[in-house]
Amino acid sequence: MCGIVAFWAAPDGRASRFSARLLRRATERLTHRGPDGGGHVGWCLDGTLRADADLTDQELSLGLGHRRLKILDLTTAGRQPMEGPGSCWVTFNGEIYNYRELRTELAARGYSFNTGTDTEVILAAYDAWGSECVRRFNGMWAFVLYDPTRRRLIASRDRLGVKPLYYAVTPRGTMFASEVAALLECPGVRPTIDMPRLIQYLVDRRIDDGAETIYRDIREVRGGHTLELDVDSGEMSIERYWDLPEEPDLELDDDAVLDRYSELIEDAVRLRLHADVPVAITLSGGVDSSVLTLAASRVAGSTVQTFTSRFPGDPSLDESQYASYVAASRGADTHYVQPSTDGVVDDEIALTTHQALPFGSLSLYVHWAILAAIRGQGVPVVLSGQGGDEAFLGYDRYHTSALLHTLPNPVRAARSLWQSGRNSGRGVLTLAAMSAYFTTPALQRALRRRRVDGVVRAAWLQQLPRPEREIFGDIRRQQRSELFFRCLPTLLRYDDRTAGALGMETRLPFLDYRLIEFACRLPLRHKLRNGWSKYTSRRYLARHGLN
């Protein structure tokens with residue numbers, strides 16, 4: 001987890017140009033994301049390159065700023081912004097998990113390396129393969145790279161948008177940053193609310209489903225996209241470099257599916273356990289975190305650390321009993337944290353400030369408290385099961401898709417409804433009601449509007465677009481919606497802001513793009529069967545004695 005800032009000043013800007021002071025102020029707004037140091041480089045109007053202490057208040061044509069959280073190569077050699085071949089410079093947030101494999105490949109092509117960082121690999125990979133290098137990366141990233149030869153500023157975000165990258169275009173120039181707050185230092189950028197977007201959020205809870213944000217002047221580079229800016233003309237282009245596969249469903253039997261799943265999840269975990277600082281797993285006792293603990297115990301080569309939250313006296317929240325069973329069965333070094341609400345008022349203010357965009361409930365505070373407790377024990381990196389629900393159909397609404405998938409056969413539909421109601425624990429009547437709700441957009445909109453009646457002006461509600469019809473029955477289209485628009489982007493934002501505020505990094509093995517591509521091509525029966533969600537994940541646990 002780091003913080004990045006970059007800007008380009010328009011040559012014909014109608015007002016004063018961007019300055020070194022602006023670069024410093026904006027970068028300092030991200031100190032919480034990178035508490036271990038920072039750096040700045042800037043190009044003066046005459047083309048002179050200056051860095052750090054030599055940057056005072058000069059007017060700049062281009063600037064890069066960075067705040068560092070030390071994860072790889074803890075020496076000063078890992079400082080950013082970093083220069084590479086061709087005098088390219090980069091400011092980078094995230095982790096390229098396969099950087100060691102890429103470094104070996106690049107070394108065979110004649111590149112030499114002076115650090116143990118993945119940042120240096122990005123620069124060499126760009127020199128070797130150009131902006132297409134991102135297709136070779138397995139990781140989470142947001143970076144801005146300046147190529148003085150091509151006269152391009154290149155901004156890229158990982159395939160699923162785990163790491164954030166916001167930007168603002170003004171008459172004075174364009175600015176990029178990891179968080180909205182840093183962009184507010186940019187001249188001409190104001191935190192002006194886009195009212196139609198706000199109303200849609202209040203009613204439909206949709207805010208992270210496009211490049212627009214709730215702020216009128218601020219947009220984001222979407223996951224799987226690369227932006228290129230011509231520093232001479234200011235012309236900007238944005239291209240998608242990755243999408244979900246369109247190939248037909250995989251024709252594999254149960255054993256072949258489980259074998260491939262095992263290979264993918266264990267390699268995803270193996271890559272994400274590598275760091276020069278302590279790494280742990282947040283083990284809730286659910287399917288996904290249990291899968292990660294099992295996989296880690298098989299590939300780590302050492303004892304795995306787990307952290308589990310306890311909620312004494314609240315059986316509806318406390319899952320520590322099963323988590324303890326999983327940890328003990330794998331010989332994990334187990335730690336327990338008990339989130340406290342003593343400081344909820346003060347911490348809620350900090351939480352709201354760091355989120356900068358709306359969030360749905362104070363359940364986010366529980367996550368904050370758990371990560372804070374882990375950070376307090378000297379662990380800055382955690383593996384989380386985020387993404388398992390989207391990849392392997394863990395949400396209740398997927399039962400509706402399974403039900404529609406059986407139609408028009410009434411016998412199969414009735415059996416599917418009964419099995420789903422029993423094995424999900426929801427009951428037949430509840431799932432039947434949920435199916436009616438999820439497949440009736442007008443009903444959803446009516447019930448959602450009732451929540452805000454008397455709070456939101458009626459005239460504002462008239463600005464709402466027509467409700468979109470939910471995608472059910474077509475599992476691929478539904479998963480695409482969940483991964484890119486409906487659910488995952490919001491959850492990733494919550495997690496990034498919370499971890500960033502605490503100077504931590506969260507790694508998500510279930511969002512390894514190879515696993516996501518595999519999951520999307522699996523037929524429904526391998527993800528939801530006989531009412532059991534995440535069916536193959538459950539089989540992986542059962543194969544190793546965790547039923």
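Everything below is about the structure printed above this text.
Residues numbered from 1 in each chain as written. Predicted model: local features only at pLDDT ≥ 70, side-chain atom pairs only at ≥ 80, totals over all residues. Heavy atoms only, no water.

1. Thoughts on the overall build of the protein
A count of helices and strands for the protein gives 20 helices and 18 strands. The burial tally for the protein puts 56% of its 547 residues in the buried class. Accessible area for the protein stands at about 22,500 Å²; split by element, carbon and sulfur atoms hold 49% of it. (Helix = DSSP H or I, 4+ residues; strand = E, 2+ residues; numbered from the N terminus. Buried < 20%, exposed > 50% of the residue type's maximum accessible area, 1.4 Å probe, protein only. Areas by Shrake-Rupley, 256 points an atom, 1.4 Å probe, with all protein chains shown as cover.)

2. Notes on the pattern of salt bridges
Evaluation of the coordinates by the stated rule reveals 37 salt bridges. For the salt bridge of Asp 267 with Arg 514, the shortest nitrogen-to-oxygen distance reads 2.8 Å. Of the two residues, Asp 267 sits in helix H6 (residues 254-272) while Arg 514 sits in helix H19 (residues 513-520), which places them 247 residues apart along the sequence. Classification of Asp 267 by relative accessible area gives buried; the value is 19%. In the salt-bridge network here, residues are joined through shared partners; they are Glu 101, Asp 267, Arg 270, Arg 272, Asp 512 and Arg 514. (Salt bridge = Lys/Arg side-chain N within 4 Å of Asp/Glu carboxyl O.)

3. Some remarks on helix H8 (residues 320-329)
Buried within H8 we find Ser 320, Ala 323, Val 326 and Ala 327. An end-on view of H8 places all buried positions within 120° of arc, on one side of the element. Seen from the buried face of H8, the exposed residues on the opposite side, beyond 90 degrees, are Gln 321 and Ala 328. At the C-terminal side of H8, Gly 331 shows a positive phi close to 65°. (Arc of directions from axis to C-beta.)

4. Points about empty space enclosed by the protein
In total, this model carries five cavities of 30 Å³ or more according to the counting rule given. Approximately 130 Å³ is the volume found for the largest cavity. Lining of the largest cavity is provided by 15 residues; of these, Leu 69, Leu 72, Gln 80, Asp 118 and Thr 119 occupy positions nearest its centre. With three residues, strand E6 (residues 89-96) is the single largest residue contributor to the lining of the largest cavity. Along the lines of polarity and charge, the residues of the lining of the largest cavity split into five nonpolar, six polar and four charged. Approximately 110 Å³ is the volume found for the second largest cavity. Tyr 97, Asn 138, Gly 139, Met 140, Asp 158, Arg 159, Leu 160, Val 162, Arg 272, Leu 508, Leu 511 and Tyr 513 together form the lining of the second largest cavity. Taken together, the residues that form the lining of the second largest cavity break down as seven nonpolar, two polar and three charged. (1 Å grid on protein atoms, 1.4 Å probe; cavity = no way out; pocket = protein on both sides within 12 Å on 5 of 7 lines; lining within 4 Å. Points joined across faces, edges and corners; volume = space filled by probe spheres on them. Nonpolar A, V, L, I, M, F, W, Y, C, P; charged D, E, K, R; others polar.)

5. Thoughts on the sheet that holds strand E1 (residues 3-9)
Through backbone hydrogen bonds, the strands of a sheet pair up, either in parallel or in antiparallel fashion. Across the sheet, seven strands lie side by side as E3-E2-E4-E1-E10-E9-E11; this open sheet has antiparallel pairing. One side of each edge strand has no neighbouring strand; the edge strands of this open sheet are strand E3 (49-51) and strand E11 (219-220). Pairing of strand E2 (residues 38-44) with strand E4 (residues 60-67) involves seven bridges; the strand directions are antiparallel. Residue Gly 38 lies in a different strand from E4, and its bridge partner there is Arg 67. (Pairing = 2+ DSSP bridges.)

6. A word on the side chain of Ser 537
Mapped onto the elements, Ser 537 comes out in helix H20 (residues 535-543). Under the relative-accessibility criterion, Ser 537 is labelled buried at 0%. Polar contacts involving the side chain of Ser 537 include one to the side chain of Tyr 261, which spans 2.8 Å. Excluding anything up to four places from it in sequence, Ser 537 contacts Tyr 261, Val 287, Val 291, Phe 392 and Phe 510. (Polar contact = N/O pair within 3.5 Å; in protein donor to acceptor, adjacent residues only side chain to side chain. Contact = heavy atoms within 4.5 Å.)

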